[in-house]
Amino acid sequence: VHDLYTLVLQEVCKLIEVDFAELLSIDSALGQVQSLATSTDDLSSSNRRSEAEAEGCRRLEDMGIVAQVASKGRPCIKEDDGTVPATLCCPLFDGNREVIGAIKVIAKAADRRYSDENVKTLERVANRVSLTMEGTGSSLTRLLSSLQAASR
């Protein structure tokens, strides 16, 4: 599943024209965030992130825009302020509309502004990825196919 998440994130980078994307699992009750995959993860078995790296938890309160998404339950945009690049983050929900994760994208270009269409695209991806986090793996394959078709 990790490889599919990585492929989806790579396609998201192409569609939204960003430099980096990350899929995060959020446990609001414990106040923890875990990185599940990034667009820069190497898919070759010899260079994969170690399980320790992939499973390292961070404190939700230290995660800025991710913490905002977790508390508000809606997409958030952080414009480039000279110290932090432009970031867009969308929540992933479980069947009860509880935030269970987020997809965060980052653009390094100083003048980057996210459009409403960028937000809608990332929300659509987040909705599909949410399903896979709850155990419906086949929808991730369909999502990857549709993202690849859209980028052609």
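Before any of the text, the structure's been laid out above.
Residues numbered from 1 in each chain as written. Predicted model: local features only at pLDDT ≥ 70, side-chain atom pairs only at ≥ 80, totals over all residues. Heavy atoms only, no water.

K.L.:
Mind showing me how you'd approach unusual backbone geometry here?
P.N.:
Most peptide bonds take the trans configuration, and most residues that are not glycine carry a negative phi. The phi dihedral of E17 is positive, around 60°, even though this residue is not glycine. By the element assignment, E17 lies in the loop between α1 (2-16) and β1 (20-27). The exposure class of E17 is exposed, given its relative accessible area of 64%. Residues other than glycine seldom take positive phi values, yet R97 does so here, at roughly 65°. With respect to the helices and strands, R97 occurs in the loop between β5 (86-93) and β6 (99-107). (Helix = DSSP H or I, 4+ residues; strand = E, 2+ residues; numbered from the N terminus. Buried < 20%, exposed > 50% of the residue type's maximum accessible area, 1.4 Å probe, protein only.)

K.L.:
What is the right way to read the packing of α1 against helix α4 (residues 116-133) from this model?
P.N.:
Describing two packed helices takes the angle between their axes plus the distance from one axis to the other. Two numbers describe how α1 lies on α4: the axes approach to 11 Å, and their chain directions differ by 170°. Between α1 and α4, the angle is such that the two are roughly antiparallel. For the pair α1 and α4, the contacting residues are Y5, V8, V12, L15 and I16 in the first and N118, T121, L122, V125, V129, T132 and M133 in the second. Among the residues forming the contact of α1 with α4, the class breakdown is nine nonpolar, three polar and no charged. (Axes fitted to C-alpha atoms, helices over the stretch in contact; angles between N-to-C directions. Parallel < 35°, antiparallel > 145°, perpendicular 65-115°, else oblique. Contact = heavy atoms within 4.5 Å. Nonpolar A, V, L, I, M, F, W, Y, C, P; charged D, E, K, R; others polar.)

K.L.:
In this structure, what is going on with the pairing of strand β2 (residues 32-38)? I would like to understand it.
P.N.:
The two faces of a sheet get side chains in turn, since along a regular strand they alternate between them. Here β1 runs beside β2; their pairing, made up of six bridges, is antiparallel. In the sheet register, L24 faces β2, and the bridge partner there is S35. Counted along the chain from β1 to the antiparallel partner β2, the turn is four residues long, and its residue G31 has a positive phi close to 70°. (Pairing = 2+ DSSP bridges.)

K.L.:
Looking at this structure, how should I read the nonpolar core?
P.N.:
In summary, soluble globular proteins display a tendency toward joint burial of nonpolar side chains. Ranked by internal contacts, the top residues of the largest apolar core, which has 24 residues, are I103, V105, Y114, L122 and V129. Residue assignment for this core shows that the elements contributing at least two residues are α1, β1, β5, β6 and α4. Top contributing element to this core by residue count: α1, with six residues. If sequence neighbours within four positions are ignored, L122 has contacts with V12, I16, L88, C90, I103 and V105. Residues V33, V69, F93 and A102 belong to the second largest nonpolar core, which totals 14 residues. (Core = buried A, V, L, I, M, F, W, Y, C linked by side-chain atoms within 4.5 Å.)

K.L.:
What am I meant to see in the sheet that holds β2 here?
P.N.:
Strand pairing in a sheet relies on backbone hydrogen bonds, with the paired strands running either antiparallel or parallel. One open sheet accounts for six strands, arranged β3-β2-β1-β6-β5-β4; its pairing is antiparallel. Each of the sheet's edge strands pairs with one partner strand only, and the pair in question is β3 (57-59) and β4 (76-78). The sheet shows a mean angle of 30° between the axes of neighbouring strands, taken without regard to direction. Across six bridges, β1 lies against β6 in antiparallel orientation. Note on β6: the bridge partner recorded for L23 is I103. Each of β1, β2 and β6 is contacted by α1, which is oriented at about 80° to β2, the strand it contacts most. Sitting on the sheet, α4 touches β1, β2, β4, β5 and β6, and the angle it makes with β5 is about 40°.

These values are about where atoms sit, not about what they do.
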